[in-house]
Structures are given as C-alpha cells and as structure tokens.
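# Coordinate analysis (summary)
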Amino acid sequence: MVNRLFYSIFVANLELIFLAMIKVSESAKKKIAALMTDEGFDNLQDFVRVGVKSGGCSGLSYELKFDKAKAEDDKLFEDNDVKIVVDKRSVLYLAGTVLEFSGGLNGKGFVFNNPNAQRTCGCGESFSL
C-alpha cells in the first residue's frame, strides 16, 4: 500500500515536472527561429537541444544547440511553438526553467532563468544546486 501511494505521488509529480519543463519567452522564440533558419534548420520540424553538463565556474553549465535527431531516451517538450529536446539526465535540473534572449548592452545571448539554481556565476552560463 505504501509503495503504491509513493508511486502515485511520484508519477503525479513527474507529470507536473514535464508540464512545467522549459518555457520559451517571445524574444527567445524569435531569435531561435532566426538562428535555425540561418543555420539550415527547420524550426517547424527540428529541435532545440537543451542540456546540463559538468563544468563552468559554478559546477554545472548549460548546453544549447540545434538538432535534427531525437534519441530514444530524450524527452520532447514544446512551448511557444518551439520544440525542445532534453536528455533524460538533464530533465530534473531544468524543470521550471524559462529560456529568454537578452540583446541589451550588458550582454547578448540566451539566458536560462532556472528556479532550481541556488548559485549562478556572473556570466549566467553555469550554476549549482
């Protein structure tokens, strides 16, 4: 009985994580579409691959690239007409993240607003939990 209850709670929470995985702001959507076109990708069919790897000054760093293929254990999400693929290992690190694009004077590029990050570096490209 306890195992079933735990499993039910776990599955329900996992589904919530998948629903709130990565949100894409309007500015990021526009920049992604433009960059995908420039690099020969089709933003209606191809994916934005987002992941987390070891490294960076805070311990973990973000990866962002375009991809045409989805691996078997990848999770596919879509927000604001952007298809996002996340490898299974990175899913929990990225739950609730908002991907934005900043073109201001202080820096230009994609910004990960990650509610799971307890500490980030000055450039915003790495974080720790």
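Bear in mind that the values here come from a model prediction, so they are computed numbers and not experimental data.

## Notes on the packing of aromatic side chains
All told, the structure shown has 3 aromatic pairs when counted by the stated rule. Pairing Phe41 with Phe66 gives two aromatic rings, centres 5.6 Å apart and planes at 55 degrees, and the pair type is tilted. One end of the pair, Phe41, is in the loop between α2 (26-38) and β2 (47-54); the other, Phe66, is in strand β3 (residues 60-67), and 25 residues separate them in sequence. Residues Tyr62 and Phe112 carry aromatic rings whose centres are separated by 4.1 Å and whose planes lie at 10 degrees to one another, so their mutual orientation is stacked. Here Phe112 lies in strand β7 (residues 109-113) and Tyr62 lies in strand β3, a separation of 50 residues in the sequence.

## Considerations on the confidence of the model for the protein
Per-residue confidence for the protein gives a mean pLDDT of 79; residues scoring 70 or more make up 69%. Least confident of the elements in the protein is helix α1 (residues 2-19), whose mean pLDDT is 46; most confident is α2, at 96. A low-confidence stretch, residues 1-12 stays under pLDDT 50, and its non-local contacts, those more than four residues away or across chains, total 0 contacts. Low pLDDT, under 50, characterises residues 14-19; the stretch is placed with 6 contacts to residues that sit more than four places away or in other chains.

## A look at the pattern of salt bridges
If you walk through the whole model with that rule in mind, you get 5 salt bridges. Between Asp81 and Lys29 there is a salt bridge; the shortest N-O distance is 3.5 Å. You can see Asp81 sitting in the loop between β4 (75-79) and β5 (82-86) and its partner Lys29 sitting in helix α2, a full 52 residues away along the chain. According to the relative accessible area criterion, Asp81 is exposed, its value standing at 54%. According to the relative accessible area criterion, Lys29 is partly exposed, its value standing at 22%. A salt bridge links Lys68 to Asp46, with the shortest nitrogen-to-oxygen separation between them at 3.3 Å. Of this pair, Lys68 sits in the loop between β3 and β4 while Asp46 sits in the loop between α2 and β2, and the two are 22 residues apart along the sequence. Shared partners join several salt bridges into a network, and the residues in it are Arg49, Asp67 and Asp74.

## Description of the side chain of Ser25
With respect to the helices and strands, the residue Ser25 is situated in the loop between β1 (22-24) and α2. Judged by its relative accessible area of 16%, Ser25 falls in the buried class. One polar contact links the side chain of Ser25 to the main-chain amide nitrogen of Ala28, over a distance of 3.2 Å. Non-local contacts of Ser25, meaning those with residues more than four positions away in its chain, are made with Asn80, Leu99, Glu100 and Phe101.

How each quantity is defined
- Residues numbered from 1 in each chain as written.
- Predicted model: local features only at pLDDT ≥ 70, side-chain atom pairs only at ≥ 80, totals over all residues.
- Heavy atoms only, no water.
- Phe/Tyr/Trp six-rings, centres within 6.5 Å; stacked < 30°, edge-to-face > 60°.
- Helix = DSSP H or I, 4+ residues; strand = E, 2+ residues; numbered from the N terminus.
- pLDDT = per-residue confidence, 0-100.
- Contact = heavy atoms within 4.5 Å.
- Salt bridge = Lys/Arg side-chain N within 4 Å of Asp/Glu carboxyl O.
- Buried < 20%, exposed > 50% of the residue type's maximum accessible area, 1.4 Å probe, protein only.
- Polar contact = N/O pair within 3.5 Å; in protein donor to acceptor, adjacent residues only side chain to side chain.

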